[in-house]
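# Structure at a glance
Take a look at the letters that make up each chain.
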Amino acid sequence: MTGDIHRGSCLCGSVTYTITGPLRPVIGCHCQQCRKMTGHYVAATGAPRERITVTGDVTWYQSSPAARRGFCSICGSSLFWDGQASSTLAVMAGTLDGETGLQTQGHIFVADKGDYYEIDPSLPQADADEHDLTTQVP
């Protein structure tokens, strides 16, 4: 996907973004914070920060000492997860426009998952964070 341009937005269109180049495969995060923020679990891709251009006002919530979450203050769409020590910004996969060509590569924080759904057992699963899954730089 090198050379690709990916676009996405919030539900109301007040915040838009463009990502140049490839995206990290999608990772499902089942931690309590992601579940409470989205009502289910997060499916996120990511890219190096310098390849992401955001237009509009993102509201940031400092959800832990190490990370903050970006959302649209108008419609409430969850857009980004910013592990501030990382060079990569996580992007909620559902906010991307059109076909992405992405696939889910694995799941993290499965020890916190809800009891009302199952995870595909053929994909890698980690009870907490899994550095090899989440830090891939496309």
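Our structure is the block above this text.
Here is what the cut-offs are and how they apply
- Residues numbered from 1 in each chain as written.
- Predicted model: local features only at pLDDT ≥ 70, side-chain atom pairs only at ≥ 80, totals over all residues.
- Heavy atoms only, no water.
- Pairing = 2+ DSSP bridges.
- Helix = DSSP H or I, 4+ residues; strand = E, 2+ residues; numbered from the N terminus.
- Axes fitted to C-alpha atoms, helices over the stretch in contact; angles between N-to-C directions.
- Polar contact = N/O pair within 3.5 Å; in protein donor to acceptor, adjacent residues only side chain to side chain.
- Salt bridge = Lys/Arg side-chain N within 4 Å of Asp/Glu carboxyl O.
- Buried < 20%, exposed > 50% of the residue type's maximum accessible area, 1.4 Å probe, protein only.
- Phe/Tyr/Trp six-rings, centres within 6.5 Å; stacked < 30°, edge-to-face > 60°.
- Lys NZ or Arg CZ within 6 Å of the ring centre and 35° of its normal.

Our focus in this paragraph is the sheet that holds strand 4 (residues 42-48). With mixed pairing, the 7 strands of this open sheet are ordered in space as 6-7-8-9-4-3-10. Edge strands, defined here as strands with exactly one partner in the open sheet, are strand 6 (58-64) and strand 10 (104-108). Going from strand to strand, the sheet's axes swing by 30° on average, the running direction of each strand aside. With 5 bridges joining them, strand 7 (residues 67-72) and strand 8 (residues 78-83) adopt antiparallel strand pairing. Note on strand 8: the bridge partner recorded for Phe71 is Ser78.

Let us look at the sheet that holds strand 5 (residues 52-55). In spatial order, the strands read 1-2-5; together these 3 strands make up an open sheet with antiparallel pairing. Pairing within the sheet leaves two strands with one partner each, and these edge strands are strand 1 (5-9) and strand 5. Strand-to-strand twist in this sheet, taken as the mean axis angle between neighbours without regard to direction, amounts to 15°. Where strand 2 (residues 16-20) meets strand 5, 4 bridges bridge the pair, whose relative direction is antiparallel. Across the sheet, the residue bridging to Thr16 is Thr55, located in strand 5.

Moving on: the environment of Arg69. Residue placement: Arg69 occurs in strand 7. In the structure, Arg69 is positioned 61 residues away from Gly8 in sequence and 16 Å away in space, judged by C-alpha atoms. In terms of polar contacts, Arg69 uses its side chain to reach the side chain of Ser63, at 3.1 Å.

So, on to the pattern of salt bridges. Applying the stated criterion across every chain yields a total of 2 salt bridges. In this structure, Arg49 and Asp82 form a salt bridge, with 2.4 Å as the shortest nitrogen-oxygen distance. Placement of the pair is Arg49 in the loop between strand 4 and strand 5 and Asp82 in strand 8, with a sequence separation of 33 residues. According to the relative accessible area criterion, Asp82 is buried, its value standing at 3%. Several salt bridges share partner residues, and in doing so they unite Arg49, Arg68 and Asp82 into one network.

Counting through the fold element by element, His6 comes out in strand 1. A distance of 3.1 Å separates a polar side-chain atom of His6 from the backbone oxygen of Gly21.

Let's shift gears to the packing of aromatic side chains. The relative placement of two aromatic rings is captured by the distance of their centres and the angle of their planes. Counted according to the given criterion, the structure contains 4 aromatic pairs. Ring geometry for Trp60 versus Phe80: centroids 6.1 Å apart, planes at 25°, classification stacked. Residue Trp60 is located in strand 6, and its partner Phe80 is located in strand 8; the two are separated by 20 residues in the primary sequence. Judged by relative accessible area, which is 1%, Phe80 ranks as buried. On the basis of an interplanar angle of 65° and a centroid distance of 4.9 Å, the ring pair of Tyr116 and Tyr117 is categorised as edge-to-face. Taking relative accessible area as the criterion, Tyr117 reaches 10% and is therefore assigned buried. A network of ring pairs unites the aromatic residues Tyr17, Trp60 and Phe80 as a single cluster. Taking NZ or CZ as reference, Arg68 lies 3.9 Å from the ring centre of Trp60, over its face. Lying over the aromatic face of Tyr117, Lys113 brings its terminal NZ or CZ to 4.4 Å of the ring centre.

On their own, these measurements won't tell you what the molecule is for.
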